[in-house]
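In case you want the letters, here they are:
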Amino acid sequence: MSARPRIDLHTHSTASDGTLSPAELVRAAAESGLDVVAITDHDTTAGWAPALRALPAGLSLVRGAEISCRWYGEEPPVPLHLLAYLFDPDAPELVAELARVRAAREERGERIVALLRADGIDVNWPEILAGAAGGSVGRPHIAQALIRAGLVATTTEAFGPDWLGERYRLPKEDIDVFHAVRLVRAAGGVPVFAHPRATRRGRIVPDALIADLAAVGLAGLEADHEDHSPAERAHVRALAGELGLLVTGSSDFHGTHKTVRLGAFTTDPEAYERIIAEASGVTGIASG
Ligand code: AMP
Ligand code: FE
Ligand code: FE
Ligand code: ZN
């Protein structure tokens, strides 16, 4: 490991809405000079085993997931993402909730496609589901169908207000965020709130909620993320300091579904060590 290890704690593979397979992802992480990478697909651990099998020499893999949550303190409820690291992938209650959310993703995707088709837009659900190739299906897969149909040019455009960002945006049945924090901790995992101030993605939650989550077991906040402005990053750092939470930075790499590169933002080794120290779900960090 280099003197100051390069640590990226948030990436996606084809197990959800990334475009590199788990094996390609860990190879790309090593090639881009990372010492530690976390695989954090949406609502699934399906990428863990193939990533582990392909782990290049010198790279450490943090097994994780990004859990689709909702805060029910406002109407309509606010969607948010919880990164969970090193939890037991066989913890029954968490496994059941993740399976339920994946099913909700399929159900919601099909309803979005029905709305598009009702407006005469020629996209079809079986093809979109096939595009997800068994991984957690999400709006980026529908965005690809809109691009294939020539209706939009980019994923960013597909997430605009005329498309998946508003007009054809439907909620899915996520996990109550307090329940998710407790389930992750009960499974020996370490929960970190992903991109908590990303206003460009939609509504965000108040700091008071983050304080309440810290009280029930939230471990950290992702501060350095491309969807945060410099001021938002500074705000998240200050809030973490006040609440005694650790701070992470990460790329949220999605392959060609986004432009951000692996290692674009990184996490300090001290925060990484704290995550490892708090985890008891999977034993040890896998090293290639
Ligand atoms: P879903 O989980 O199906 O609600 O889709 C959310 C996913 O879409 C996120 O995890 C990102 O990968 C992607 N996403 C959200 N907003 C944008 C955006 N503005 N541009 C590109 N991708 C986005
Ligand atoms: Fe995503
Ligand atoms: Fe996210
Ligand atoms: Zn993500």
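Let me sum up the structure you'll find in this document. (Residues numbered from 1 in each chain as written. Chains lettered and ligands numbered in written order. Predicted model: local features only at pLDDT ≥ 70, side-chain atom pairs only at ≥ 80, totals over all residues. Heavy atoms only, no water.)

Coordination sphere of the iron ion (ligand 2), protein contribution only: Asp17 (OD), Asp17 (OD), His42 (NE2) and His254 (NE2), at 2.1 to 2.8 Å. One can describe the donor arrangement at the iron ion (ligand 2) as irregular, given that its 6 donor atoms subtend angles of 50 to 156° at the metal. Sequence positions of the donors to the iron ion (ligand 2) reduce to the motif D-x24-H-x211-H. The metal-metal distance between the iron ion (ligand 2) and the iron ion (ligand 3) comes to 5.6 Å. (Donors = N, O, S within 2.8 Å, 3.2 Å for Na, K, Ca; no water. Tetrahedral: all angles 85-135°; square planar, octahedral: opposite > 155°, others 65-115°.)

Turning to the pattern of salt bridges, a few remarks are in order. Within this structure, the stated rule accounts for 18 salt bridges. Salt-bridge contacts for Arg197 lead to Asp207; the nearest nitrogen and oxygen are separated by 3.3 Å. With Arg197 in the loop between β6 (190–193) and α8 (207–216) and Asp207 in helix α8, this residue pair connects regions lying 10 residues apart in the sequence. Residue class for Asp207 comes out partly exposed when judged on its relative accessible area of 25%. Members of the salt-bridge network, linked through shared partners, are Arg200, Arg201, Asp227, Asp252 and Lys258. (Salt bridge = Lys/Arg side-chain N within 4 Å of Asp/Glu carboxyl O. Helix = DSSP H or I, 4+ residues; strand = E, 2+ residues; numbered from the N terminus. Buried < 20%, exposed > 50% of the residue type's maximum accessible area, 1.4 Å probe, protein only.)

Close to ligand 1 lie 14 residues; His42, Arg105, Arg108, Arg139 and His254 are nearest. With respect to ligand 1, the side chain of Asp17 contributes an N or O atom lying 3.1 Å from an oxygen atom. At a separation of 3.1 Å, an oxygen atom of ligand 1 approaches a polar side-chain atom of Arg105. Computed on the free molecule, ligand 1 has an accessible area of 490 Å², of which 86% lies beneath the protein chains in the complex. The cavity that encloses ligand 1 is the largest pocket. Listing elements by their share of the shell around ligand 1, those giving two or more residues are α3 (92–118) and α5 (139–148). Of the residues assigned to the shell around ligand 1, the class counts are 2 nonpolar, 5 polar and 7 charged. (Near = heavy atom within 4 Å. Polar contact = N/O pair within 3.5 Å; in protein donor to acceptor, adjacent residues only side chain to side chain. Areas by Shrake-Rupley, 256 points an atom, 1.4 Å probe, with all protein chains shown as cover. 1 Å grid on protein atoms, 1.4 Å probe; cavity = no way out; pocket = protein on both sides within 12 Å on 5 of 7 lines; lining within 4 Å. Sits in = over half its atoms within 2 Å of the grid points. Nonpolar A, V, L, I, M, F, W, Y, C, P; charged D, E, K, R; others polar.)

Before going further, it helps to examine the coordination of the iron ion (ligand 3). Protein coordination at the iron ion (ligand 3): the donors are Glu66 (OE), His81 (ND1) and His195 (NE2), at 2.0 to 2.2 Å from the metal. Ordering the donors of the iron ion (ligand 3) by residue number gives the pattern E-x14-H-x113-H. On the accessibility criterion, Glu66 (1% relative accessible area) is buried. When its relative accessible area of 18% is taken as the criterion, His81 is described as buried.

Here the largest pocket defines a volume of roughly 1300 Å³. In this structure, the largest pocket is lined by 46 residues; those nearest its centre are Arg139, Phe159, Arg201, Asp227 and Lys258. Split by residue class, the lining of the largest pocket holds 15 nonpolar, 15 polar and 16 charged. (Points joined across faces, edges and corners; volume = space filled by probe spheres on them.)

Relative to the helices and strands, Arg108 is located in helix α3. Nearest to the buried, unbridged Arg108 among oppositely charged side chains is Asp174, at 7.1 Å. (Lys, Arg positive; Asp, Glu negative; His and termini not counted.)

Another point: unusual backbone geometry. Omega for the bond connecting Glu75 with Pro76 falls within 30 degrees of zero, at -5°, which places this linkage in the cis form. In the Ramachandran plot, Ala133 falls in the positive-phi region, its phi being about 50° despite a non-glycine side chain. Relative to the assigned elements, Ala133 resides in the loop between α4 (125–132) and α5. We note that His195 has phi near 30°; this positive angle belongs to a residue other than glycine. For His195, a relative accessible area of 8% puts it in the buried group.

Our next topic: the pairing of strand β4 (residues 78–85). The side chains of a regular strand alternate between both faces of the sheet. Counting buried residues in β4 gives 7 out of 8 residues, a clear majority hidden from the surface. In the sheet, strand β3 (residues 60–71) pairs with β4 via 8 bridges, with the strands oriented antiparallel. When the sheet's bridge partners are listed, Arg70 is paired in β4 with Pro79. Where β3 hands over to β4, the hairpin turn is made up of 6 residues, counted between the paired strands. (Pairing = 2+ DSSP bridges.)

Once that is clear, we can look at the side chain of Glu97. With respect to the helices and strands, Glu97 occurs in helix α3. On the basis of relative accessibility, which here comes to 14%, the residue Glu97 falls in the buried class. If sequence neighbours within four positions are ignored, Glu97 has contacts with Ile175, His179 and Leu183. (Contact = heavy atoms within 4.5 Å.)

Right, let's talk about helix α10 (residues 269–278) for a bit. Listed in full, the buried residues belonging to α10 are Pro269, Ala271, Tyr272 and Ile275. The arc that holds the buried residues of α10, viewed along the axis, is 160°, so those residues lie on one side. Turning to α10, the residues buried within the fold contact β1 (7–8), β2 (36–42), β3, β4, β6 and β8 (246–249). (Arc of directions from axis to C-beta.)

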